[in-house]
Amino acid sequence: MDTGMMRKFEKAKAYAEERSRMHVESLVVHFSGVNNPHRVEYRDGMWQCDCEFFVGRDRCAHTMALELVLHGMFEAAQVA
Ligand SMILES: [Zn+2]
């Protein structure tokens, strides 16, 4: 890795600790669930999942898992 790339990698590591700099606008994730695969989408401040539990509840284990993984990157997007 050249010096320029090493500096960028150090900057990337610092950015990775500052999630508030990143605002997710849209996201599609193919989720390997315990029983079935699922397609989870985040768009316009709303989650969608094709699993049965999500219907009528607007949250499920798949969307909540992604909220945990991407903690701090969605609230700001909803305000914007
Ligand atoms: Zn789901």
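Criteria and thresholds
- Residues numbered from 1 in each chain as written.
- Predicted model: local features only at pLDDT ≥ 70, side-chain atom pairs only at ≥ 80, totals over all residues.
- Heavy atoms only, no water.
- Salt bridge = Lys/Arg side-chain N within 4 Å of Asp/Glu carboxyl O.
- Helix = DSSP H or I, 4+ residues; strand = E, 2+ residues; numbered from the N terminus.
- Buried < 20%, exposed > 50% of the residue type's maximum accessible area, 1.4 Å probe, protein only.
- Donors = N, O, S within 2.8 Å, 3.2 Å for Na, K, Ca; no water.
- Tetrahedral: all angles 85-135°; square planar, octahedral: opposite > 155°, others 65-115°.

Q: So what about the pattern of salt bridges? Which residues, and what values?
A: In the structure shown here, the tally under the stated rule is 5 salt bridges. Between Glu 10 and Lys 13 there is a salt bridge whose closest N-O contact spans 3.2 Å. One end of the pair is Glu 10 and the other is Lys 13, both in helix α1 (residues 3–16) and 3 residues apart, which spans about a single turn. Overall, Glu 10 belongs to the partly exposed group, its relative accessible area being 46%. In this structure, the salt-bridge partner of Glu 18 is Arg 21, at a minimum N-O distance of 2.9 Å. Given a relative accessible area of 33%, Glu 18 falls into the partly exposed group. For Arg 21, a relative accessible area of 52% gives the class exposed.

Q: I'd like a rundown of the coordination of the zinc ion, residues and numbers included.
A: Protein-derived ligands of the zinc ion are Cys 49 (SG), Cys 51 (SG), Cys 60 (SG) and His 62 (ND1), with the metal-ligand distances lying across 2.1 to 2.3 Å. Bound by 4 donor atoms, the zinc ion shows angles of 108 to 111° at the metal and therefore tetrahedral coordination geometry. Taken in chain order, the donor set of the zinc ion reads C-x1-C-x8-C-x1-H. You can see Cys 51 sitting in the loop between β3 (46–49) and α2 (61–69) and its partner His 62 sitting in helix α2, a full 11 residues away along the chain. You can call Cys 51 buried: its relative accessible area is 6%. Judged by relative accessible area, which is 12%, His 62 ranks as buried.

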